[in-house]
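Tertiary structure, described
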Amino acid sequence: MTDRANMPEGALHGIKVLDLSRVLAGPSCTQVLADLGAEVIKVERPHIGDETRHWAPPKFSDDTSAYYATINRNKKSLTVDITKPAGQAIIKQLIADSDIVVENFKVGGLKKYGLDYDSLKQANPRLIYASLTGFGQTGPDAKRPGYDYIIQGLSGLMSITGPSDGEPHKVGVAVVDLFAGLQLTIGIQAALLARQHTGFGQHVDVALLDSALAMLANVGMNHLASGDVPPRLGNQHPNIVPYQVFAGQGEAHFILACGNDSQFAKLCDVLGIDWHSDSRFTTNPQRVANRELLCNELAKKFGEQPRNYWLEVLDQAGIPCGAIHNVAEALAMPQALAREMIVDFSEQGSPVRALGNPIKLSASPVSYRTPPPQLSAHTDSTLADLGYDSEMIAKLKADGIV
């Protein structure tokens, strides 16, 4: 771990974020902001907290599951019941000097508490109010709740994921939540830049469905260009051949990714077969048209030698390839360790080990200042900063407000 006393200030140092979001998508955004140096106060329900605290096993401590620890480092935990006027008053005090509010309530869900954008921007015109919902603030489905799994299905992502002769599959992690969280982060940073020019904040509206549709990328574009419904191809690429998983001798799998005709010619040289001169396979469009014939022959050839043999000879020839690791193997890679993609908070007295931030900035790098907070760890200090004395705080606790 880096010596905290010698850490340079983060790129977002001085930016204050009030995090009203929970579960994964919203908190993944605010963790990025926190890693970049922003002060993030996470508002949680008294005595319960973010429900992901209890999504266990496994867990690092009684109220810190591995899931919760995934997206809540570098934050302060403030417990407030926002359904009560006294709780709403605390939130409004915090928002008065906040730069950003992040929330993932159902559309209109915060209006009854006076915590919606139209209400808050009157008191703080510079406020950037970021909303992450299932379907966005507009449209016929705006008020529907959104869940990553369901959005993966609705968006078409599952229709193109999984074996071609099997049922549709979801991605192994909540990829829509995480992608939407990144989109929200981008929107917030764009709004911060715009505010420098205008002096005013704005509403950032990101939806899980929109994000998932954007993730269709070239496959979605294939449909728009051709009118055809893209098929499910398993581990094959819809536009490039050979670009898929093969098995070496003994069924150990690896990925072969020939992205152009030159790489395919090199592959043929390695295999000692002149398929690159065969009119059925010379160019990528021809290989796509004859995908099954070519890939069946390649599968037979690769089955003649162990995986590690093929990885070595393909790599030497400059042909993109790679082993398929399990999670333990991936996190143990020397490259992953060299890039500090595992963060250990033991020096701060925490049992948490976390996945690192992939953003590397030369002058204002991300920092790992504090582990995920214990529930309500910063309630007293945050209220004290707002001017509440010990008797006032004790009364708020007795009334169940905090």
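Here's what I pulled together on the structure shown here. Here the structure is a predicted model, which means the values were calculated and not measured. (Residues numbered from 1 in each chain as written. Predicted model: local features only at pLDDT ≥ 70, side-chain atom pairs only at ≥ 80, totals over all residues. Heavy atoms only, no water.)

Topic: helix H7 (residues 208-215)
Among all positions of H7, only Leu208, Leu209, Ser211 and Ala212 are buried. The arc that holds every buried residue of H7, seen down its axis, measures 160 degrees, which confines them to one face. Against helix H1 (25-35), strand E7 (128-133), helix H5 (148-154), helix H6 (175-198) and strand E8 (203-207) lie the buried residues of H7. Among the residues trailing H7, Ala217 stands out with phi positive, at a value near 50 degrees. (Buried < 20%, exposed > 50% of the residue type's maximum accessible area, 1.4 Å probe, protein only. Helix = DSSP H or I, 4+ residues; strand = E, 2+ residues; numbered from the N terminus. Arc of directions from axis to C-beta. Contact = heavy atoms within 4.5 Å.)

Concerning the packing of aromatic side chains
Enumeration according to the criterion identifies six aromatic pairs in this entry. Ring geometry for Phe246 against Phe302: centres 5.0 Å apart, planes inclined by 55 degrees, an arrangement best described as tilted. Of this pair, Phe246 sits in strand E9 (residues 243-247) while Phe302 sits in helix H11 (residues 291-302), placing them 56 residues apart in sequence. With respect to class, Phe246 is no different from Phe302; both count as buried. With 5.0 Å between their ring centres and 85 degrees between their planes, Phe302 and Trp310 make a pair best called edge-to-face. A relative accessible area of 3% means that Trp310 is categorised as buried. Through a chain of ring-to-ring contacts, the aromatic side chains of Phe246, Phe254, Phe302, Tyr309 and Trp310 assemble into a single cluster. For Arg53, the ring lying beneath its charged end belongs to Tyr68, and the centroid distance is 4.0 Å. Seen from the ring of Tyr149, Lys170 lies directly overhead, with NZ or CZ sitting 5.7 Å from the centre. (Phe/Tyr/Trp six-rings, centres within 6.5 Å; stacked < 30°, edge-to-face > 60°. Lys NZ or Arg CZ within 6 Å of the ring centre and 35° of its normal.)

A short note on the nonpolar core
Core analysis: the biggest nonpolar cluster contains 39 residues, and Val17, Leu33, Ile100, Leu184 and Ile188 have the highest contact counts within it. Contributing elements (two or more residues each) for this core: H1, strand E6 (100-103), E7, H6, E8 and H7. Top element by residues in this core is H6. It accounts for seven residues. Of all hydrophobic cores here, the second largest spans 25 residues; its members include Leu18, Leu110, Leu120 and Tyr129. (Core = buried A, V, L, I, M, F, W, Y, C linked by side-chain atoms within 4.5 Å.)

A short note on the environment of Glu312
Examined against the element boundaries, Glu312 turns out to sit in helix H12 (residues 307-316). Note on Glu312: relative accessible area 49%, which makes it partly exposed. In this structure the C-alpha to C-alpha distance between Glu312 and Leu233, which are 79 residues apart in sequence, comes to 27 Å.

Thoughts on the sheet that holds strand E10 (residues 253-257)
What the three strands build is an open sheet, ordered E9-E10-E11; its pairing is antiparallel. In this open sheet, the two strands that pair with only one neighbour each are E9 and strand E11 (321-323). Ignoring which end each strand starts from, the neighbouring axes of this sheet average 25 degrees apart. Note that E9 and E10 share five bridges and pair antiparallel. (Pairing = 2+ DSSP bridges. Axes fitted to C-alpha atoms, helices over the stretch in contact; angles between N-to-C directions.)

Considering the sheet that holds E8
Across a sheet, paired strands are connected by hydrogen bonds in the backbone, their directions being either parallel or antiparallel. On the basis of which strands lie adjacent, the open sheet formed by six strands has the order E5-E2-E1-E6-E7-E8 and parallel pairing. The open sheet terminates on both sides in strands that have one partner only, identified here as strand E5 (75-79) and E8. On average, each strand axis in the sheet is tilted by 20 degrees relative to the strand beside it, whichever way the strands run. In this sheet, E8 lies alongside E7 in parallel orientation, the contact comprising five bridges. For Ser131, the partnering residue across the bridge sits in E8 and is Asp205.

Considerations on the packing of helix H9 (residues 261-271) against H11
Where H9 meets H11, the closest approach of the two axes is 12 Å, and the angle between their N-to-C directions is 40 degrees. Of the possible angle classes, the one that applies to H9 and H11 is oblique. Relative to H11, the crossing made by H9 is left-handed. Between H9 and H11, the contacting residues are Phe264, Leu267 and Leu271 on the first element and Leu294, Leu298, Lys301 and Phe302 on the second. Of the residues assigned to the contact of H9 with H11, the class counts are six nonpolar, no polar and one charged. (Parallel < 35°, antiparallel > 145°, perpendicular 65-115°, else oblique. Left-handed = near helix turned anticlockwise from the far one by under 90°. Nonpolar A, V, L, I, M, F, W, Y, C, P; charged D, E, K, R; others polar.)

Some points on the pairing of E7
Of all six residues that make up E7, six are buried, and the element is covered over most of its length. The two faces of E7 match: Ile128, Ala130 and Leu132 on one face and Tyr129, Ser131 and Thr133 on the other face are all buried. Note that E6 and E7 share four bridges and pair parallel. Bridge assignment links Val102 to a residue of E7, and that residue is Ala130.

Regarding the packing of H6 against H7
Orientation of H6 relative to H7, taken along the N-to-C sense of each, is 100 degrees, at an axis distance of 9 Å. In terms of orientation, H6 and H7 fall into the roughly perpendicular class. In this structure, H6 uses Val175, Val176, Asp177, Phe179, Ala180 and Gln183 to contact H7, whose residues at the interface are Leu208, Ser211, Ala212 and Met215. Each residue belonging to the contact of H6 with H7 can be placed in one class, and the counts come to seven nonpolar, two polar and one charged.

Purely spatial values, then, with no claim about function.
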